[in-house]
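Notes for the structure review
In case you want the letters, here they are:
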Amino acid sequence: DAKTTQPTSMDCAEGRAANLPCNHSTISGNEYVYWYRQIHSQGPQYIIHGLKNNETNEMASLIITEDRKSSTLILPHATLRDTAVYYCIVRGKTSYDKVIFGPGTSLSVIP
Amino acid sequence: SAVISQKPSRDICQRGTSLTIQCQVDSQVTMMFWYRQQPGQSLTLIATANQGSEATYESGFVIDKFPISRPNLTFSTLTVSNMSPEDSSIYLCSVESGFEQYFGPGTRLTVT
């Protein structure tokens, strides 16, 4: 079973920051927080991952709370192409740790 | 990174028949995964396939229904056997590379 809880859907105005929350209260010490997104009719795409420090890459920023029980994915300037389902996933970092998807958050970026 | 291709991209099949889906990766990988995504749903892991060993199936999936081959480090097949309309889904291949997981474009299967 998925170890995360996310809102079912969110809207965001184009050009504004999209903040997608995720709760993972049962995360263990060696588990990472991963984010993927799935644009309609495509395979999921890796966005970012982190352990306990905040992370940033060219796509997004990941903010993890100090107790690691929740995190927020930030898309700093959302565009219409960011409309997708966003999945927050908790997993270990070995090849044998499976990527188990929950229902995710459907983000709609509105013009 | 890893680039994954799947064949066919889509198919319409009659119930009772079988379809074999191919997954090709542009680099050698140890772990390959097969997922199913039913209409309007999230992805569900079917099985994990390592080269040189039998696939490991998740709860609710069995080898007789979804036989998997993994003949080398860049290729795998998933067969959907004795299909019924409930098997209509998108089937996705995935690989692990550098602690990130990459997904193919999927095979959209419709069973009539």
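Just above, that's the structure.
Let us look at the structure shown here. (Residues numbered from 1 in each chain as written. Chains lettered and ligands numbered in written order. Predicted model: local features only at pLDDT ≥ 70, side-chain atom pairs only at ≥ 80, totals over all residues. Heavy atoms only, no water.)

1. Overview of the overall build of chain A
- The helix and strand inventory of chain A stands at zero helices and nine strands.
- Shown N-terminal to C-terminal, the secondary structure of chain A runs as helices and strands in the order β-β-β-β-β-β-β-β-β.
- Expected size for 111 residues packed as a compact globule is a radius of gyration near 13 Å; at 13 Å, chain A falls within 12% of this value.
- Its C-alpha atoms give chain A principal-axis dimensions of roughly 40 × 30 × 25 Å.
- By the burial criterion, 43% of the 111 residues in chain A qualify as buried.
- Put simply, of all contacts in chain A between residues at least 6 apart along the chain, 57% involve residues at least 24 apart.
- With an accessible surface of roughly 5800 Å², chain A has 49% of that area assigned to carbon and sulfur atoms.
- Once the 10 positive and 10 negative side-chain charges of chain A are each reduced to a mean point, those two points are 4 Å apart. (Helix = DSSP H or I, 4+ residues; strand = E, 2+ residues; numbered from the N terminus. Rg over C-alpha atoms; globule rule 2.2 N^0.38 Å. Buried < 20%, exposed > 50% of the residue type's maximum accessible area, 1.4 Å probe, protein only. Contact = heavy atoms within 4.5 Å. Areas by Shrake-Rupley, 256 points an atom, 1.4 Å probe, with all protein chains shown as cover. Lys, Arg positive; Asp, Glu negative; His and termini not counted. Charge placed at Lys NZ, Arg CZ, Asp CG, Glu CD.)

2. Details of the interface of chain A and chain B
- Each partner contributes residues to the interface: chain A has 19 residues there, and chain B has 18 residues.
- Of the roughly 1500 Å² buried between chain A and chain B, counting both surfaces, carbon and sulfur atoms make up 55%.
- Across the contact surface, chain A and chain B share two salt bridges.
- The partner of B:Glu58 in a salt bridge is A:Lys98, with the nearest N and O atoms 2.8 Å apart.
- Across the chain A-chain B interface, the total number found is six residue pairs in polar contact (both at pLDDT 80 or more).
- Breaking the side of chain A that touches chain B down by element, the ones donating at least two residues are β3 (32-38) and β8 (84-91) of chain A. (Buried area = accessible area lost by both parts, 1.4 Å probe. Salt bridge = Lys/Arg side-chain N within 4 Å of Asp/Glu carboxyl O. Polar contact = N/O pair within 3.5 Å; in protein donor to acceptor, adjacent residues only side chain to side chain.)

3. A few points about the pairing of strand β1 (residues 4-7) of chain B
All names here are of chain B.
- Here β1 shows one buried face, formed by Ile 4 and Gln 6, and one open face, formed by Ser 5 and Lys 7.
- Strand direction decides the pairing type here: β1 and strand β3 (residues 19-25), joined by four bridges, are antiparallel. When the sheet's bridge partners are listed, Ser 5 is paired in β3 with Gln 24. (Pairing = 2+ DSSP bridges.)

4. What about the layout of surface pockets?
- In this structure, the largest pocket encloses a volume near 590 Å³.
- In terms of lining, the largest pocket is formed by 31 residues, of which the most central are A:His40, A:Ser41, B:Gln37, B:Ile90 and B:Arg108.
- Broken down by element, the residue count for the lining of the largest pocket peaks at four residues, all from strand β11 (residues 107-111) of chain B.
- Each residue belonging to the lining of the largest pocket can be placed in one class, and the counts come to eleven nonpolar, 18 polar and two charged.
- Volume-wise, the second largest pocket comes out at about 270 Å³.
- Lining the second largest pocket are 16 residues, with A:Gln42, A:Gly43, A:Pro44, A:Gln45 and B:Phe103 sitting closest to its centre.
- Breaking the lining of the second largest pocket down by element, the ones donating at least two residues are β3 and β4 (45-50) of chain A together with β10 (100-103) of chain B.
- For the lining of the second largest pocket, the leading source of residues is β10(B), giving three residues. (1 Å grid on protein atoms, 1.4 Å probe; cavity = no way out; pocket = protein on both sides within 12 Å on 5 of 7 lines; lining within 4 Å. Points joined across faces, edges and corners; volume = space filled by probe spheres on them. Nonpolar A, V, L, I, M, F, W, Y, C, P; charged D, E, K, R; others polar.)

5. Observations concerning the sheet that holds β1(B)
All names here are of chain B.
- Read from one edge of the open sheet, four strands run β1-β3-β8-β7, paired in antiparallel fashion. Of all strands in the sheet, those bounded by a partner on one side alone are β1 and β7 (68-72). Sheet twist, expressed as the mean angle between neighbouring strand axes with direction ignored, is 20°. (Axes fitted to C-alpha atoms, helices over the stretch in contact; angles between N-to-C directions.)

6. A closer look at the state of the cysteines
- Counted according to the given criterion, the structure contains two disulfides over all chains.
- There is a disulfide in this structure between A:Cys22 and A:Cys88, and the S-S distance comes to 2.1 Å. Judged by the torsion about the S-S bond (-85°), the A:Cys22/A:Cys88 disulfide is left-handed. You can see A:Cys22 sitting in strand β2 (residues 18-23) and its partner A:Cys88 sitting in strand β8, a full 66 residues away along the chain.
- Each sulfur of the disulfide joining B:Cys23 and B:Cys93 lies 1.9 Å from the other. On the sign convention where negative means left-handed, the S-S torsion of about -65° between B:Cys23 and B:Cys93 marks this disulfide as left-handed. In this pair, B:Cys23 is assigned in strand β3 and B:Cys93 in strand β9 (residues 89-97), connecting sequence segments 70 residues apart. (Disulfide = S-S within 2.5 Å.)

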